[in-house]
Each structure stands twice: as C-alpha cells, then as structure tokens.
Amino acid sequence: MVIAKEPVPGKVKTRLVPPLTPDEAAALAGAALEDTLRTVARVPDAGRVLVLDGAPGAWLPTGFTVLPQRGGGLDERLAAAFEDAHRVLPVPVVLIGMDTPQVAADLLADALSLLAGHDAVFGPASDGGFWLLGLRVPDAALLLGVPMSKPTTGEIQLRRLREAGMSVALMPCLTDVDTMADAVEVAAMVPRSRYAAALSGIGARR
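Residues numbered from 1 in each chain as written. Predicted model: local features only at pLDDT ≥ 70, side-chain atom pairs only at ≥ 80, totals over all residues. Heavy atoms only, no water.

Chemist: Where do I start with the nonpolar core in this structure?
Modeler: Inside soluble globular proteins, nonpolar side chains tend to come together where they are buried. In terms of nonpolar packing, the biggest core is built from 28 residues, with Val 2, Leu 50, Ile 96, Leu 108, Trp 131 and Leu 132 touching the most fellow members. Of all elements in the fold, only β1 (2-5), α1 (22-41), β2 (49-53), β4 (93-96), α3 (105-114) and β6 (130-135) reach the threshold of two or more residues within this core. It is α1 that contributes the most residues to this core, five residues altogether. Among residues more than four places away in sequence, those in contact with Val 2 are Leu 33, Thr 36, Leu 37, Val 40, Val 49, Leu 50, Val 51, Ile 96 and Gly 97. (Core = buried A, V, L, I, M, F, W, Y, C linked by side-chain atoms within 4.5 Å. Buried < 20%, exposed > 50% of the residue type's maximum accessible area, 1.4 Å probe, protein only. Helix = DSSP H or I, 4+ residues; strand = E, 2+ residues; numbered from the N terminus. Contact = heavy atoms within 4.5 Å.)

Encoded structure:
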C-alpha cells in the first residue's frame, strides 16, 4: 500500500519551496511517486493499493486499487488507510509513502515475507520518522495519537508497537526526501530513475 498526494503545485513538497518553485517541487514529487508505484508493481504475489489525496493521473500504473484518504491528521489518515486497505484485501499490509523513490522491490518483498513470522515490520527513516510500516492485523489504536512529522515519531511509533506486545522486525533505515540535501542524496542512489532525471532537469533549467 502506498499513501500519497496527487502531485499538484503548492500542495506537495512545500518544504522544498524555495529553493524550488511550486511547479518544480510538484514535478519532483510526481517523479518520486511514479518511481515508487512502479517499484511496488514489481513486488511479486502482492495486492497493490494506492490511498490517494487527490485524483489519479497518467503516473498511475495499472493493477492498483485506488482508495481515497480520509481523516484529519496524518495519524488518522494512516490508521484509516490500513483499515480501508485491509477491508478490500484482508491480508497483511505493508505501507510506504512517496518520499523514498530509492526503495527496491526486493526490499518490499522482504517486508512482506517478514510478516509471516512477525506481527509488525518497521522501517526507520533517517529524519527520526519511519518510511515503512507493516501490520499483519491492522489496528487503528497502534497509530492514533502518535505525533507525526517529528524527530521522535519513529521512536514513539516503534515503542507503541512493542508496548502492544507485538513482535517487530526491523528494516534498513532509509532517507526520506524532506530537504534539497535529501533530494540530491537520494537521486544519487538511483541515477537512472525518473526522480533523478527530474532533479537533473530542474538543475539544467536553472
């Protein structure tokens, strides 16, 4: 499952504005989203769900069930996404966002496999948050009230899982794209990606 926003200028990657313009930030977000979705599409033996704030575009590959986001804060939207996706496909669910276009299909397949022997899978992000959360049986109480987009978000979320008595498998730490430094770092990891090409194109125009 991918939770994402439609890449509309002024509504995505606003922390990159400036130095980018709203249009440039949206183009970069769109490339990251397309790379992410195409990676998810390569994960074998998995259902594919996009929980979207906005409308689908040409960037959406075939084979995805699209559900609308609902809820207020991010904790509510994540909890609702798990609930809605599990209702459509009543199987263990692995969630990622659109800010790690460097993620590989085999890494996501590993996360799904780990849910066969663990209650949860957790992927910490270098900014203190998390880039992946997998739950064998989704439960809104595991997410509601966790302060999101804070340096301690990942720590608090992981503690919430463990305090619920869950066995948790840990994934590698990845970099979320929040700043231009992050954007450059991630693009260097996947130089042949749409994301890297978009960032390079922005640099060439400036």
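Chemist: Honestly, empty space enclosed by the protein in this entry has me stumped. Any pointers?
Modeler: Gaps left between atoms are located by rolling a probe of water-molecule size over the structure's atoms. All chains considered together, the criterion is met by one cavity of 30 Å³ or more. Estimates place the volume of the largest cavity at around 50 Å³. Contributing to the lining of the largest cavity are Lys 13, Leu 28, Ala 29, Ala 32, Met 98, Asp 99, Pro 101, Val 177 and Tyr 195. Counting residues per element, the lining of the largest cavity draws most heavily on α1, at three residues. (1 Å grid on protein atoms, 1.4 Å probe; cavity = no way out; pocket = protein on both sides within 12 Å on 5 of 7 lines; lining within 4 Å. Points joined across faces, edges and corners; volume = space filled by probe spheres on them.)

Chemist: Even after reading the chapter, I still don't get the pattern of salt bridges, so can you show me in this structure?
Modeler: Any two side chains of opposite charge can pair if their charged atoms end up close together. Inspection of every chain in the model, using the stated rule, returns 11 salt bridges. Residues Asp 35 and Arg 194 are paired through a salt bridge, measuring 3.3 Å at the closest nitrogen-oxygen approach. Within this pair, whereas Asp 35 is found in helix α1, its partner Arg 194 is found in helix α6 (residues 194-205), the two being separated by 159 residues in sequence. Take Asp 35: its relative accessible area is 6%, and that puts it in the buried class. Taking the shortest distance from any N to any O, the salt bridge between Arg 87 and Asp 84 comes out at 3.0 Å. Separated by three residues within a single helix, Arg 87 and Asp 84 lie in helix α2 (residues 74-88), roughly one turn from each other. Classification of Arg 87 by relative accessible area gives exposed; the value is 56%. (Salt bridge = Lys/Arg side-chain N within 4 Å of Asp/Glu carboxyl O.)

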